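Structure assessment
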Amino acid sequence: MTTKNIAVLVSGGGTNLQAIIDAFNNRRIVNGNIALVLSSNPNAFALERAKKHNIDTCVIEKCDNREAFSDAIMQKLEEYKIDIIVLAGFMHILSGNIIEKYRNKILNVHPALIPSFCGEGFYGLRVHKAALEKGVKVTGATVHFVNEIADGGPIILQKAVNILQGDTPEQLQKRVMQEAEWEILPLALDLLCNERLIVENDIVKIK
């Protein structure tokens, strides 16, 4: 089985990127290699995390021309011969041509149990604030393939996290990351690198 070249797309601190790097170092992800960390934000701390581990980085800042932005990303993906894309706090919607070329090869982690608290406008602390305002007792995280619909791609893995009385959005965000996101994102990436994910009728099966 050939080693998969992975691009991790980021915009911020890169905590999920760090979880992936740690998983590689602990051999919880095999048959993969982080070839590139691409950021839309030149000041993203995720870039420093990548450089510390000698991972190539590049910055492509968002511009008004969405097509030009997407074309620049695609050019980098092709330059690095990328097989798999991981969205790790990337605050932009990928264009259709990237989604089409990398169909069922793009992973995203969402900080809720899809289909709850997901879709356009639900990101970051907004997700946790909405969960607390609704009064749900259980939330969590979901890793899914990316398609043309925001948070609408086939679900790969989910993990539940209990909401505690008195939680703030910030406290809940931290616990969901630690107990769910940092566990299921590396696991899903390992499954994809080892060709163990099959999508049939938008349902993911693990072989």
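Refer to the structure presented above.
This text gives an overview of the structure that appears in the document. Numbering of residues starts from 1 in each chain and follows the order in which that chain's sequence is written. Selection of residues for local features in this predicted model requires a pLDDT of at least 70, selection of side-chain atom pairs for listing and counting requires 80 or more, and totals for whole chains, interfaces and linings are taken over all residues. Neither water nor hydrogens contribute to the side-chain values; these are computed over all heavy atoms in the structure.

Side-chain rings of Phe, Tyr and Trp, where Trp is taken by its six-membered ring, are said to pair if the distance between their centres is within 6.5 Å; with planes under 30 degrees apart they count as stacked, over 60 as edge-to-face, and otherwise as tilted. If you walk through the whole model with that rule in mind, you get 1 aromatic pair. Where Phe-69 meets Phe-90, the ring centres are 6.4 Å apart and the plane angle is 5°; that geometry is what we call stacked. Placement of Phe-69 in helix 3 (residues 66-79) and of Phe-90 in the loop between strand 4 (84-87) and helix 4 (96-101) is noted, with a sequence separation of 21 residues between them. One exposure class covers both Phe-69 and Phe-90, and it is buried. Each helix is a run of H or I in the DSSP string that is no shorter than four residues. Each strand is a run of E no shorter than two, and both are numbered from the N terminus. The cut-offs for exposure are 20% and 50% of the maximum accessible area for each residue type, with area from a 1.4 Å probe on protein chains only; residues under the lower value are buried, those over the upper are exposed, and the others partly exposed.

As a further point, take the nonpolar core. By nonpolar core is meant a set of buried Ala, Val, Leu, Ile, Met, Phe, Trp, Tyr and Cys residues that side-chain atoms within 4.5 Å join together. Residues Val-8, Val-86, Leu-107, Ile-156 and Leu-189 are the most contacted members of the largest nonpolar core, which totals 43 residues. Contacts are assigned to residue pairs that have any heavy atoms within 4.5 Å of one another. With residues up to four places along the chain from it excluded, the contact list for Leu-107 reads Ile-85, Val-86, Leu-87, Val-143, His-144, Phe-145, Val-146, Ile-156, Ala-188, Leu-189 and Leu-192. By size, the runner-up hydrophobic cluster in this structure holds 22 residues, among which are Ile-60, Phe-90, Leu-94 and Tyr-102.

Omega for the peptide link from Ile-114 to Pro-115 comes to 20°, which places this bond in the cis form. Of note in the backbone geometry, Arg-27 takes a positive phi value of approximately 60° without being a glycine. Relative to the helices and strands, Arg-27 is located in the loop between helix 1 (15-25) and strand 2 (32-39). A relative accessible area of 62% places Arg-27 in the exposed class. Positioned with a positive phi, Glu-195 is a non-glycine residue whose angle comes to about 55°. For Glu-195, a relative accessible area of 39% corresponds to the partly exposed category.

Only protein atoms enter the 1 Å grid, on which a cavity is a set of points fitting a 1.4 Å probe that cannot get out and a pocket is an open set with protein on both sides within 12 Å along at least 5 of 7 lines, lining residues being those with an atom within 4 Å of a point. Grid points are joined across faces, edges and corners, and a volume is the space filled by probe spheres set on the points. The calculated volume of the largest pocket comes to roughly 1,000 Å³. If you go around the largest pocket, you meet 38 residues; those closest to its centre are Gly-89, Phe-90, Met-91, Tyr-123 and Gly-124. Three categories are distinguished: nonpolar for Ala, Val, Leu, Ile, Met, Phe, Trp, Tyr, Cys and Pro, charged for Asp, Glu, Lys and Arg, and polar for the others, with Gly belonging to the last. A class-by-class count of the residues in the lining of the largest pocket yields 15 nonpolar, 18 polar and 5 charged.

Here we take up the pattern of salt bridges. Take a side-chain nitrogen of Lys or Arg and a carboxyl oxygen of Asp or Glu: if they are within 4 Å of each other, that pair is a salt bridge. Taken as a whole and judged by the stated rule, the model has 9 salt bridges. Among the salt bridges present, the one from Glu-195 reaches Lys-4, with a minimum N-O distance of 3.0 Å. On the criterion of sequence distance, the pair formed by Glu-195 in the loop between helix 6 (169-193) and strand 8 (197-200) and Lys-4 in strand 1 (residues 4-10) is long-range, its members being 191 residues apart. The partner of Arg-175 in a salt bridge is Asp-167, with the nearest N and O atoms 2.4 Å apart. For Arg-175, a relative accessible area of 14% puts it in the buried group. The class for Asp-167 is buried, based on a relative accessible area of 15%.

This paragraph deals with the packing of helix 1 against helix 6. Axes here mean lines fitted to C-alpha atoms, for a helix over just the part in contact, with angles spanning 0 to 180 degrees between N-to-C directions. Relative to each other, helix 1 and helix 6 sit at 55°, their axes nearing to 9 Å. When the axes of helix 1 and helix 6 are compared, the pair comes out oblique. Judged by the twist between their axes, the crossing of helix 1 over helix 6 is right-handed. In contact with Thr-15, Asn-16, Ala-19, Ile-20, Ala-23 and Phe-24 of helix 1, helix 6 contributes Met-177, Glu-181, Trp-182, Leu-185, Pro-186 and Leu-189. In what follows, roughly perpendicular refers to angles from 65 to 115 degrees, roughly parallel to angles under 35, roughly antiparallel to angles over 145, and oblique to any angle outside these ranges. Left-handed is the label given to a crossing in which the near helix is rotated counterclockwise from the far helix by less than a right angle, and right-handed is the label when the rotation is clockwise.

This part covers the sheet that holds strand 2. Paired strands are those between which DSSP finds at least two bridges. Strand order in this open sheet of 7 strands is 3-2-1-4-5-6-7, and the pairing throughout is mixed. Each having just a single partner strand, strand 3 (57-59) and strand 7 (155-162) make up the two edges of the open sheet. Strand after strand, the sheet turns through a mean of 20° between neighbouring axes, direction not considered. The pairing of strand 6 (residues 138-145) with strand 7 spans 7 bridges and is antiparallel. For His-144, the partnering residue across the bridge sits in strand 7 and is Ile-155.

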